[in-house]
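The chain contents come next:
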Amino acid sequence: MDTDIPAPVPVEDLIAQRGRGLAHAADGYLDRAEVARAWPVVWNYHAVIQANRVQTREASVTGTYGTTTWTEYHAEDVQRVADAIARGTAEVWPEWRKDTEAGRAEQQRYHERWRREVVRTRWIQAAIVLVLLLGVGVLVVLSVIDA
């Protein structure tokens, strides 16, 4: 690798740093931000989670505006993988790491694809709004002509 691997952040420390309130993963689980702090050299968390068989669970909450769901990650599995990353025994391809040229290049490609998708989606939304406004304008003109 290009640089030394930072020491894993103990999962117990991550859990101990949680504030009060309900905005945290369930007992025995971590949220995505906590996984990111536990694995500081990884950028493609999804790939590492799948390759190293980290248990996950779907959590949800229902409120006024509907149901929001998210994924939580088993704390012991996250710690196991953090320790394996530090030892160099985890299944972590160079393309999934922040500290390799291949990883930085792949991360750049990923974010560029994501950005293009966002721009494309916004153009489509703008076109739909424009067509709707044009349709309303035509209806207004036709109703004025008929009146």
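Quick notes on the rules
Residues numbered from 1 in each chain as written. Predicted model: local features only at pLDDT ≥ 70, side-chain atom pairs only at ≥ 80, totals over all residues. Heavy atoms only, no water. Patch = residues over 30% accessible without salt bridge, like charges linked within 9 Å, V, L, I, M, F, W, Y side chains within 5 Å. Areas by Shrake-Rupley, 256 points an atom, 1.4 Å probe, with all protein chains shown as cover. Salt bridge = Lys/Arg side-chain N within 4 Å of Asp/Glu carboxyl O. Helix = DSSP H or I, 4+ residues; strand = E, 2+ residues; numbered from the N terminus. Buried < 20%, exposed > 50% of the residue type's maximum accessible area, 1.4 Å probe, protein only. Pairing = 2+ DSSP bridges. Expected span 1.5 Å × (residues − 1). Contact = heavy atoms within 4.5 Å.

Together, Leu134, Val138, Leu139, Val141, Leu142 and Ile145 make up a nonpolar patch on the protein surface, roughly 600 Å² of accessible area in all. Positionally, Val141 belongs in helix α5 (residues 101-146). The exposure class of Val141 is partly exposed, given its relative accessible area of 46%.

Pairing geometry for strand β2 (residues 56-63) and strand β3 (residues 66-74), over eight bridges, is antiparallel. Residue pairing for β3: Arg57 is matched across the bridge by Glu72. Two successive antiparallel strands, β2 and β3, enclose a turn made up of two residues.

Taking 1.5 Å as the rise per residue, helix α4 (residues 75-87) with 13 residues should run 18 Å; its terminal C-alpha atoms sit 18 Å apart, in good agreement. Looking only at α4, the buried set comprises Ala75, Asp77, Val78, Gln79, Val81, Ala82, Ala84 and Ile85. Elements in contact with the buried residues of α4: α1 (11-16), β1 (29-30), α2 (32-38), α3 (45-51) and β3. With its phi angle positive at about 85°, Gly88 sits one or two positions after the end of α4.

What the rule picks out here adds up to 10 salt bridges. The partner of Arg97 in a salt bridge is Asp99, and the shortest N-O contact between them spans 2.7 Å. For Arg109, the salt bridge is made with Glu106, and the minimal N-O distance between the two is 2.8 Å. On the criterion of helical spacing, the pair formed by Arg109 and Glu106 is a turn pair, its members being three residues apart in helix α5. A relative accessible area of 21% places Glu106 in the partly exposed class.

Honestly, it's all geometry; don't read function into it.
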